[in-house]
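# Coordinate analysis (summary)
So the chains spell out like this:
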Amino acid sequence: MGHYLDNAATTPVRPEAAQAALEAMTEGWGNPSARYDLGTRAADQVKLWRADVAAAMGCLPEEVIFTSCGTESDNWAIQAAVQLGRHKGRHIITTAIEHSAVLNPCKELERQGYEVTYLKPNRRGTIDLEDLRAALRPDTILVSMMLVNNELGTVLPVAETAKAIKDAKCPALLHCDAVQGFLKVPFTPAQLGVDMLSISGHKIHAPKGIGAMYIRKGLKLPPMILGGGQENGLRSGTEPTAQIAALATAAKLGQASLERDLRHMEELKAYAVERLTAIPGLNVLVPDGAPHILPITLTGYKSEVVVRFLSDRGIYVSAGSACHRGKPSHVYAALKLPKKQQDGVLRVSFSYDTTREDVDALASGLAAAHDQLFPSLS
Ligand code: PLP
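Description of the structure in this document. Keep in mind that this is a model prediction, so the values were computed, not measured. (Residues numbered from 1 in each chain as written. Predicted model: local features only at pLDDT ≥ 70, side-chain atom pairs only at ≥ 80, totals over all residues. Heavy atoms only, no water.)

A count of helical and extended segments in the protein gives 13 helices and 12 strands. The C-alpha atoms of the protein give 21 Å as radius of gyration, which agrees with the globular expectation for 378 residues (21 Å, within 12%). Among the 378 residues that make up the protein, the fraction classed as buried is 57%. At a minimum sequence separation of 6, the contacts of the protein that also span at least 24 residues come to 71%. Of the roughly 16500 Å² of accessible surface on the protein, a fraction of 54% belongs to carbon and sulfur atoms. (Helix = DSSP H or I, 4+ residues; strand = E, 2+ residues; numbered from the N terminus. Rg over C-alpha atoms; globule rule 2.2 N^0.38 Å. Buried < 20%, exposed > 50% of the residue type's maximum accessible area, 1.4 Å probe, protein only. Contact = heavy atoms within 4.5 Å. Areas by Shrake-Rupley, 256 points an atom, 1.4 Å probe, with all protein chains shown as cover.)

Okay, here's the thing in structure tokens:
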């Protein structure tokens, strides 16, 4: 597999999670809505898996609704909050460094006549609370703020934002995209004070095609998908039991080894900073932040060229976020990095199974890139 250092883009499925999915597909494959024992057993399993995910998230099982991915959770939270708040106002606050799963629904709402304030990041790549406080209005119906930025690894002040909303007696609901924060930065939704929170399976060693949304108990959100009434009537569609089984297994195992895994990633990140900063022209953009993401820049070089150079040697990192598909990153642009630095940004991201050898391979690869590639003229 080479040296995989792009765990913020996706993670390999843990064998235990794959095994749980296989069992759900080949043994407990009944429809959870069916009334005979194959169905009721599947329904009982879903109940247990929901409890496992809730335990890992630090909330009640009835506060967890399974979705198909982080993007779906984000879209739902935003649309539902706006629908709920339509008699209170038409103003939304989010940040300029959210994932496109939040930014694009907000842009769509702007087209429909809503007003959206995009809070700009400070130099450290996070949001100043004073800016948030100044943006809150009596007609603000939603604040959507991510917990960990996917390109920088910075941790945003979500709990402080919840407090500011309360202090301002603002009617806004608070949504948090915690796709990069789940099992990387310890939190519970109650500690953060959020109303809705999104997570995604494939960032925590479960397969793609499964996510979840936390909805605070008592908050009556409009449904995402209408149909047979699954997921408490909020997200219809026969439960994807294999994906749920895998998500629950990955979440449970991730929670069980959380402290050890975080320490491992912190140590690796410190080691990577030490090794990589020895390369001429290489700068670390954000040395602190979440333990699994390290944004670096090889000033003067084009990141896509470096990514290809490294991948030819079996070393995998991303040129900023994989979701940009070649477009310049809005996050690095919002940070106002000099163009030569922006062009050369690479995102290195770790997991519990990343090793020092992976980091050593990256350091050698980048040193070779520095020596063998031509700096870009732009
Ligand atoms: N939000 C953040 C911060 C992400 O990093 C991602 C994925 O890269 C998403 C949302 C989208 O999640 P998914 O790929 O499950 O749709």
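Attention now goes to the sheet that holds strand β8 (residues 211-215). Strands sit in the order β2-β8-β7-β6-β5-β3-β4 across an open sheet of seven strands; the sheet is mixed. Strands with a single pairing partner mark the edges of an open sheet, and in this sheet they are β2 (64-67) and β4 (115-119). Between one strand axis and the next, the sheet turns through 20° on average, direction left out of account. Relative to strand β7 (residues 196-200), strand β6 (residues 173-177) runs parallel, the two sharing three bridges. Note on β7: the bridge partner recorded for H175 is M196. Docked against the sheet, helix α2 (residues 37-57) engages β2, β7 and β8, running at close to 110° with respect to β2. (Pairing = 2+ DSSP bridges. Axes fitted to C-alpha atoms, helices over the stretch in contact; angles between N-to-C directions.)

With respect to the secondary-structure elements, A54 resides in helix α2. Sequence-wise, A54 and E231 are 177 residues apart; in three dimensions their C-alpha atoms are separated by 14 Å. The contact partners of A54, leaving out residues within four places of it in the chain, are C59, L60, P61 and V64.

This part takes up the site of the ligand. The full set close to the ligand counts 14 residues, and T71, D177, S200, H202 and K203 are the nearest of them. Take D177: an N or O atom from its side chain is 2.6 Å from a nitrogen atom of the ligand. In the environment of the ligand, an oxygen atom lies 2.6 Å from a nitrogen or oxygen atom belonging to the side chain of K203. Out of a free accessible area of 390 Å², the ligand has 91% covered by protein chains. At three residues, the largest contribution of residues to the shell around the ligand is made by helix α3 (residues 70-84). In the shell around the ligand, the residues fall into four nonpolar, seven polar and three charged. (Near = heavy atom within 4 Å. Polar contact = N/O pair within 3.5 Å; in protein donor to acceptor, adjacent residues only side chain to side chain. Nonpolar A, V, L, I, M, F, W, Y, C, P; charged D, E, K, R; others polar.)

Time to look at the packing of α3 against helix α4 (residues 100-111). Look at α3 against α4: their axes get within 8 Å of each other, and the N-to-C directions meet at 35°. Considering only the axes of α3 and α4, their crossing is right-handed. Together, T71, D74, N75, I78 and V82 of α3 and A101, V102, P105, C106 and L109 of α4 make up the contact between the two elements. (Left-handed = near helix turned anticlockwise from the far one by under 90°.)

A large share of strand β5 (residues 140-144) lies buried, amounting to five of its five residues. Where strand β3 (residues 91-95) lies against β5, four bridges are found, and the strand directions are parallel. Note on β5: the bridge partner recorded for I92 is L142. By the bridge criterion, three bridges tie β5 to β6 in an arrangement that is parallel. When the sheet's bridge partners are listed, V143 is paired in β6 with L174. Where the polypeptide runs from β5 across helix α6 (residues 158-167) and back to β6, its parallel neighbour, the crossover connection is right-handed. (Right-handed = clockwise from strand over helix to strand, strands pointing away.)

One pass over the structure, following the stated rule, counts 15 salt bridges. Between R50 and E231 there is a salt bridge whose closest N-O contact spans 2.8 Å. Of the two residues, R50 is situated in helix α2 and E231 in the loop between β8 and α8 (241-256); the sequence distance between them amounts to 181 residues. In terms of burial, R50 and E231 fall into one category: buried. Within the structure, one salt-bridge network assembled from shared partners comprises E115, R137 and D139. (Salt bridge = Lys/Arg side-chain N within 4 Å of Asp/Glu carboxyl O.)

Read from one edge to the other, the open sheet built from three strands follows the order β9-β10-β12, with strand pairing classed as antiparallel. Each edge of the open sheet is held by one strand with a lone partner, namely β9 (282-284) and β12 (345-349). Adjacent strand axes in the sheet meet at a mean angle of 30° when their direction is disregarded. When β9 meets strand β10 (residues 293-298), the two strands line up antiparallel, connected through three bridges. From the neighbouring strand, N283 faces β10, where its bridge partner is T297.

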